[in-house]
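Take a look at the letters that make up each chain.
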Amino acid sequence: MYKRAEYKVIMSRLAEPRKFIQVVVGARQVGKSTLVKQVLSDLAIPYRMFSADNVPISNNAWISDCWAAVRSIKKAEGAESFLLVIDEIQKITNWSEAVKKEWDDDSFNDMNIKVLLLGSSRVMLEKGLSESLAGRFEEIRMGHWSYPEMKECFGFTLDQYMFFGGYPGAAGLIGDIDRFQQYIQSAIIDATINKDILMDAPVGKPALLRQAFELGASYSGSLLSLNKMLGSLQDAGNTSTLAGYVNLLDESGLLCGIQKFIIDAARRRASIPKFQVYDNALTTVYSPYTFEEAVSDRKFWGHVFESGVGAYLVNQAFVNHFEVYYWREQNREVDFVLRKKGSIVAIEVKSNAAKRTEGLEAFRQKFHPTEAIIVGDGGIRAEEFLKMDLRGLF
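For the chain, an unreviewed UniProt entry supplies the name ATP-binding protein and the organism Candidatus Cryptobacteroides avistercoris.

See below:
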């Protein structure tokens, strides 16, 4: 069975002496549970895995019951160390307080129980981690599957990856576009919005949230002001409400609004966002085109291509902790600007020979980036760029 790169990270962390709670964070259907099961099957120490999927959200004591069971088994087996794994832990109300109490009790009593937590709601996980477990945990971030992973595991071509995205559960369905789209709608979009966002966050207008996602996903790779967006929605609110909903979609691994690269942070926040999905399946699912029709329409494929590169960038930004922007000044623009600490990287996506790149030179002269790259015609081939470790650019 194919093992993602995070397999080695988790194995090495669990081989270390007990020091931090390990937390695997990522969007739905990117393979977190499957990867952890691969780790457990190869692990040398005893373990027990529990899932909060069917536990009432208010049953905070369930976490303590899991811990008590593991302590009893460890004692009965005379094990030197033990691993407790809890999946979908963010579904339990005040989960972080319960975890903190049990972890601190084990630390005080020199109980060698290592802990691995998994969750699909990034917003609820990170809120609990920052509020109660500061200094007690390490994150292992999992993004959507990359092109090299989908190629190696499922034989995807670059064009197939750009259109169908990187969800492993949908890879076997690409021969039937209706089944593929149904899977993306039900297992990814509906599940994330209904189970991760609406159950965990105060959303006054659920219909507006869903419409905002559908419109933003349809415009992935394009600029769209929130005011113009509101004018296109049936259940209109205000721009602050809409911006809050886009933030929830971002934290859940569906859709983000990339801000304009401006040194002034206040002006940056007020800029028109460039919408970007985290996986291209989330934008092509709303397309009337089949795969073959999309590839043959050069203008439409240019949008798909740019959105696919953008999806790779925002996933890498999530995993490797850097920021993604765009830049525009008059009629000059740069598709993506990456920033980490003091380093800046400018990236222009060129899906066809007709697209002009004067903006890249203008940006280079104004901001003096560490790197300025063209991806596509006249630059780095997309196949090569999507294999790059972007940390080496900074």
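A.B. asks: What is the right way to read the overall build of the chain from this model?
C.D. replies: When helices and strands are tallied, the chain shows 17 helices and twelve strands. C-alpha extents for the chain along the principal axes are approximately 70 × 45 × 45 Å. Taking all 394 residues of the chain together, the buried fraction comes to 52%. Total accessible area on the chain stands at roughly 17,500 Å², and carbon and sulfur atoms take up 48% of it. Taken as two groups, the 47 positive and 49 negative side-chain charges of the chain have centres that lie 3 Å from each other.

A.B. asks: Even after reading the chapter, I still don't get the sheet that holds strand β5 (residues 137-142), so can you show me in this structure?
C.D. replies: To summarise the sheet geometry, strands pair through backbone hydrogen bonds and adopt either a parallel or an antiparallel arrangement. Here we have five strands laid out as an open sheet, ordered β2-β3-β4-β1-β5, and parallel in their pairing. What marks the edges here is a single partner per strand, and that holds for β2 (47-51) and β5. Between one strand axis and the next, the sheet turns by 15 degrees as a mean value, whatever way the strands run. Here strand β1 (residues 21-26) pairs with strand β4 (residues 113-119) via four bridges, running parallel. Note that in β4 the partner of Q22 across the bridge is L116. Packing of helix α1 (residues 6-15) onto the sheet brings it into contact with β1, β3 (82-87), β4 and β5, and relative to β5 it is tilted by some 165 degrees. Strands β2, β3 and β4 of the sheet are contacted by helix α3 (residues 61-77), whose axis makes an angle of about 155 degrees with β3.

A.B. asks: Would you explain the pairing of strand β9 (residues 323-329) in this entry?
C.D. replies: Along a regular strand, successive side chains alternate from one face of the sheet to the other. Direction of pairing for strand β7 (residues 255-260) relative to β9: parallel, over a ladder of two bridges. Its bridge partner being in β9, K260 is matched across the sheet by Y326. Bridge count for β9 against strand β10 (residues 332-340) is six bridges, and the pairing is antiparallel. Paired with E329 across the bridge in β10 is R332. Between β9 and β10, which pair antiparallel in sequence order, lie two residues; one of them, Q330, sits at a positive phi of approximately 55 degrees.

Reading the values: the criteria
- Residues numbered from 1 in each chain as written.
- Predicted model: local features only at pLDDT ≥ 70, side-chain atom pairs only at ≥ 80, totals over all residues.
- Heavy atoms only, no water.
- Helix = DSSP H or I, 4+ residues; strand = E, 2+ residues; numbered from the N terminus.
- Buried < 20%, exposed > 50% of the residue type's maximum accessible area, 1.4 Å probe, protein only.
- Areas by Shrake-Rupley, 256 points an atom, 1.4 Å probe, with all protein chains shown as cover.
- Lys, Arg positive; Asp, Glu negative; His and termini not counted.
- Charge placed at Lys NZ, Arg CZ, Asp CG, Glu CD.
- Pairing = 2+ DSSP bridges.
- Axes fitted to C-alpha atoms, helices over the stretch in contact; angles between N-to-C directions.
- Contact = heavy atoms within 4.5 Å.

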